[in-house]
Amino acid sequence: MQKKCLTIRGREVYFLDDGLINAPAVLFLHGFPESSLLWGEIVTSVQKAGYRAIAPDLPGFGQSEAFNEPSTWERYMEFISDFSEELSLEQFHLVTHDWGSLIGTRWACSNPERVQSLIIADATFSPDFVWHKDALIMRSLGGGEQFIEYLKNKSVFEGFIKKSVPNLSQAIVEDFYKLFSDPTRIKIALELYRSGDMDKLEIYRGRLAEFLSMPVSIIFGEHDTYILPEYGRKLKDEELHHANYHIISGAGHFTPLEAPNEFIAILTKHLKSV
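1. Re the overall build of the protein chain
Inference 1: Along its length, the protein chain carries 12 helices and eight strands.
Inference 2: Taking 2.2 N^0.38 as the reference for a compact globule, 274 residues should give roughly 19 Å; the C-alpha atoms of the protein chain span a radius of gyration of 17 Å, in line with that estimate.
Inference 3: In terms of overall dimensions, the protein chain has C-alpha extents of about 45 × 40 × 35 Å along its principal axes.
Inference 4: For the protein chain, with 274 residues in total, the buried portion stands at 58%.
Inference 5: Across the protein chain, the fraction of contacts at a sequence separation of at least 24, relative to all contacts at a separation of at least 6, is 75%.
Inference 6: When the accessible surface of the protein chain is summed, it comes to about 11400 Å², and 50% of that surface belongs to carbon and sulfur atoms.
Inference 7: Separation between the mean location of the 27 positive side-chain charges and that of the 38 negative ones in the protein chain comes to 1 Å.

Here it is in structure tokens:
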């Protein structure tokens, strides 16, 4: 898919943008180690349903240039503000995956008046969350650097991502791999994961629905081994009682790629209900 480009704070940002400029906007946020192409099929379907679908390559991912400063959780939240303001998106539906969910959901808590609805896919938002094995390695000094060196080997990275999504197109593999192919981007994953202290979410404990009163849907792959589906159920049962909770049978962590038709069906129903 052809990406557009704009400059924010002196850095080039690439993004998918499909649909009429005055149509209701849906903003998609990818996670790690992804790019806007995570949402390729879904962007097309959302546009056909009458929406404007917008999916950026987060800075340092895909084709977008990295920040001039550390790529932390908080800095990516600032980027969402900058990007949405640059495109004059006053209100929009927010669809998130993996790290994009942590970034987007926390941003939504600070800007609830701008988020018409929220989808959290293959992620949770809880101070009780314990990072999975690979994330713990990246958060560790020394271990994280070794892990990134390991993923810099292109054949290793391709094997890593295709283990989860066997039929992934080479174009998407190449776009995802850009995070590791450029020496200036090597620290991005480490900075992001090392900024991911879950105690930052303690202020929302028992009160998350006060911040996120908009319609919410939670989506998980049945066989997600990175973030277990039980975390999504816990998020609904303990915090977001008004949320809809969906399990996609047979899918793992990368539900937008592994089960695009099922994901699109849930997303379309969610948008229509709003």
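Picking up where we left off.
2. Side note on the layout of surface pockets
One simple way to see leftover space: roll a probe sized like a water molecule over the atoms.
Inference 1: Of the pockets and cavities examined, the largest pocket occupies roughly 330 Å³.
Inference 2: Lining the largest pocket are 18 residues, and of these Glu41, Asn167, Leu168, Ile172 and Leu257 sit closest to its centre.
Inference 3: Elements with a minimum of two residues in the lining of the largest pocket: α1 (40-48), α7 (170-181) and α11 (255-258).
Inference 4: In the lining of the largest pocket, the residues fall into 12 nonpolar, four polar and two charged.

3. Describing the environment of glycine 10
Inference 1: In this fold, glycine 10 is placed in the loop between β1 (4-8) and β2 (11-18).
Inference 2: As a C-alpha pair, glycine 10 and asparagine 68 span 58 residues in sequence and 9.2 Å in three-dimensional space.

4. Concerning the nonpolar core
Here is a general trend for soluble globular proteins: nonpolar side chains tend to be buried in one another's company.
Inference 1: Residues Phe28, Phe32, Trp39, Phe83, Trp99 and Leu212 are the most contacted members of the largest nonpolar core, which totals 99 residues.
Inference 2: Once residues lying within four places of it in the same chain are set aside, the contact partners of phenylalanine 32 are Phe61, Asp98, Trp99, Met138, Leu179, Phe180, Ala189, Tyr193 and Phe254.

5. A closer look at unusual backbone geometry
Inference 1: Residue proline 33 follows phenylalanine 32 across a cis peptide bond; omega there is -5°.
Inference 2: By secondary structure assignment, the location of proline 33 is in the loop between β3 (25-29) and α1.
Inference 3: Positioned with a positive phi, serine 88 is a non-glycine residue whose angle comes to about 60°.
Inference 4: The residue serine 88 is located in the loop between α2 (73-86) and β5 (92-97) in this model.

Scoring rules and cut-offs
Residues numbered from 1 in each chain as written. Predicted model: local features only at pLDDT ≥ 70, side-chain atom pairs only at ≥ 80, totals over all residues. Heavy atoms only, no water. Helix = DSSP H or I, 4+ residues; strand = E, 2+ residues; numbered from the N terminus. Rg over C-alpha atoms; globule rule 2.2 N^0.38 Å. Buried < 20%, exposed > 50% of the residue type's maximum accessible area, 1.4 Å probe, protein only. Contact = heavy atoms within 4.5 Å. Areas by Shrake-Rupley, 256 points an atom, 1.4 Å probe, with all protein chains shown as cover. Lys, Arg positive; Asp, Glu negative; His and termini not counted. Charge placed at Lys NZ, Arg CZ, Asp CG, Glu CD. 1 Å grid on protein atoms, 1.4 Å probe; cavity = no way out; pocket = protein on both sides within 12 Å on 5 of 7 lines; lining within 4 Å. Points joined across faces, edges and corners; volume = space filled by probe spheres on them. Nonpolar A, V, L, I, M, F, W, Y, C, P; charged D, E, K, R; others polar. Core = buried A, V, L, I, M, F, W, Y, C linked by side-chain atoms within 4.5 Å.

Purely geometric stuff here, so don't read any function into it on its own.
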